[in-house]
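Each chain is listed here by its residues.
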Amino acid sequence: MSATPQLLFKNRVPGKTVSYKDYCKTGGYTALEKALKGMSPAEIVTLVKASGLRGRGGAGFSTGLKWSFFPADKPAPKYLVCNCDEMEPGTYKDGELLAADPHQLIEGMILSAYALNADTGYIFIRYAYDQQLKNLQQAVAEATAAGYLGKNICGSGFDFELHLHGSAGRYILGEETALLNGLEGQRPNPRLKPPFPAQSGLFGRPTTVNNVETLANIPHIVNGGAEWFKGLARNHEGAGTKLFGLSGHLNVTECFELPVGIPLGELIEAYGGGVWRNRKFKACLPGGASTPYLTGEHLDIALDFDPLAAVGSRFGTAGVTVFDDQTCMLRVTLNLLRFFARESCGWCTPCRDGLPLVCWLLEKIENGEGTLDDLQMLRDQQQHISGRSFCALADGAMGPLDGLLRLFEQEVIDHIDKGRCPF
Ligand SMILES: Cc1cc2nc3c(=O)[nH]c(=O)nc-3n(C[C@H](O)[C@H](O)[C@H](O)COP(=O)(O)O)c2cc1C
Ligand code: SF4
């Protein structure tokens, strides 16, 4: 196990928050000064594209490519919105980052706004993140006092103001267009796309929404360069480091910054301390509650977007939840589906009515009252819901159900045959 270069957790001391002074002592705000003095906005977009950075909010879209669609030449107002809603079960990395080192996000946002020629920013933050909100309030005040926020930043002629906005506390508010409705004070239903936020976003103006970790990577890319950033990954198609939030049946459940492409088995053994209670690994969610399971046959897989897509799963947010060999995967799936059904915004039928039906079927089988017809109905529901909902919430909810039916079908049949949960 070689030591991993630490970018995002470079200054992290558990239980403490890096102050403005300490952030500056370790190179903080040098990327911003470098960019404002010697780089054009277009150069930053090109650099970020070349770095291979992919969005850390779950979908993994190329950040530089997304920025290249932004109409930077349109008149103000134009918005940059940071998504820190982070309500998906098993995902807590953005909260860890902001608890430790909030100035990274502020510097990343100013740099990104400069690249996009956006004049106003919002950080949309999870209702439960009290400490992180306080950290950000202080960091914004310090950055403003230092001349990094406001008018004519560092004498460059670039203006950028940054606001903080608390979330009302529903999972759907993390979906970027629902978030924009929420920011506008409206009911947070997702919006129809197109138009995409880059064309018509917050208050109908050009808007880019990016995740906390995505934006916090920007100062490091500006300072280190695209090739350096790409080279941090373990696999040839990967780029950068990633915050892996471990949870579930492991001896160590913490958040680590590790190279993109680290094999699943190494993550579990070297960082998670192995499966707890001397039990064996059965399965995991590799990237939050909405990602299909991986099993023992995937322990050598590189944890990154493309390798996980190739085996029918997703890298998502890299919130890795591990289940030991005494776990009933049907029960796990029911638990996850209950969350998604409860958090449905109710706008479209496959999600509003389909998810409760899936819960009812899973509950029936888990309670030993299911039949093979119920199993078939579960398969049908998966087909009816996948790809047919208005937003990605219901598609995400089908992730664990897909994993259950594809990888643990025999376990479901055992429930039916025995007339009880076999665990
Ligand atoms: C139901 C739902 C919840 C989401 N929650 C979050 C979230 O909490 N944080 C986040 O960054 N992205 C979340 N996303 C993804 C966002 O819609 C969007 O893709 C992301 O913020 C873009 O940033 P990125 O390109 O930097 O990843 C969610 C998507 C869905 C469908
Ligand atoms: S899939 Fe439909 S009902 Fe579910 S959250 Fe999205 S828009 Fe709302």
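Placed above this text is the structure.
Below, the structure is looked at part by part. The shown structure was predicted, so the numbers you read here are calculated from the model rather than taken from an experiment.

## Some points on unusual backbone geometry
Here is step 1: The omega angle of the peptide bond from Ala76 to Pro77 is 0 degrees, so this bond is cis rather than trans.
Here is step 2: Mapped onto the elements of the fold, Pro77 is located in the loop between helix H4 (63–68) and strand E1 (79–84).
Here is step 3: Residue Pro194 is joined to Pro195 through a cis peptide bond whose omega torsion reads 5 degrees.
Here is step 4: Locating Pro195 in the fold gives a position in the loop between helix H8 (176–183) and strand E4 (207–211).
Here is step 5: In this model, Asn117 sits at a positive phi of 60 degrees, which is unusual for a non-glycine residue.
Here is step 6: Mapped onto the secondary structure, Asn117 falls in the loop between helix H6 (103–116) and strand E2 (120–125).

## Here's the deal with the site of ligand 2
Here is step 1: Of all residues adjacent to ligand 2, which total 13 residues, the nearest are Cys345, Trp347, Cys348, Cys351 and Cys391.
Here is step 2: Its residues assigned to classes, the shell around ligand 2 comprises 10 nonpolar, 3 polar and no charged.

## Things to note about the site of ligand 1
Here is step 1: Taken together, 17 residues surround ligand 1, and among them Gly57, Glu86, Asn210, Asn211 and Thr214 come closest.
Here is step 2: Interatomic distance of 3.1 Å between a side-chain N/O atom of Lys66 and an oxygen atom of ligand 1.
Here is step 3: Backbone polar atom of Glu86 to an oxygen atom of ligand 1: 2.8 Å apart, as the coordinates give it.
Here is step 4: Coverage of ligand 1 by the protein chains reaches 88% of its 610 Å² of free accessible surface.
Here is step 5: Contributing elements (two or more residues each) for the shell around ligand 1: E4 and helix H18 (392–407).
Here is step 6: Classifying every residue of the shell around ligand 1 gives 4 nonpolar, 7 polar and 6 charged.

## Quick word on the packing of aromatic side chains
Here is step 1: One pass over the full model with this rule turns up 17 aromatic pairs.
Here is step 2: Put simply, the rings of Tyr20, Tyr23, Tyr29 and Tyr148 touch in pairs and so form one group of aromatic residues.
Here is step 3: Lying across the ring of Phe9, Arg12 places its NZ or CZ 4.1 Å from the centre.
Here is step 4: Note that Arg277 overlies the ring of Trp276, its terminal NZ or CZ placed 3.9 Å from the centroid.

Cut-offs applied
Residues numbered from 1 in each chain as written. Chains lettered and ligands numbered in written order. Predicted model: local features only at pLDDT ≥ 70, side-chain atom pairs only at ≥ 80, totals over all residues. Heavy atoms only, no water. Helix = DSSP H or I, 4+ residues; strand = E, 2+ residues; numbered from the N terminus. Near = heavy atom within 4 Å. Nonpolar A, V, L, I, M, F, W, Y, C, P; charged D, E, K, R; others polar. Polar contact = N/O pair within 3.5 Å; in protein donor to acceptor, adjacent residues only side chain to side chain. Areas by Shrake-Rupley, 256 points an atom, 1.4 Å probe, with all protein chains shown as cover. Phe/Tyr/Trp six-rings, centres within 6.5 Å; stacked < 30°, edge-to-face > 60°. Lys NZ or Arg CZ within 6 Å of the ring centre and 35° of its normal.

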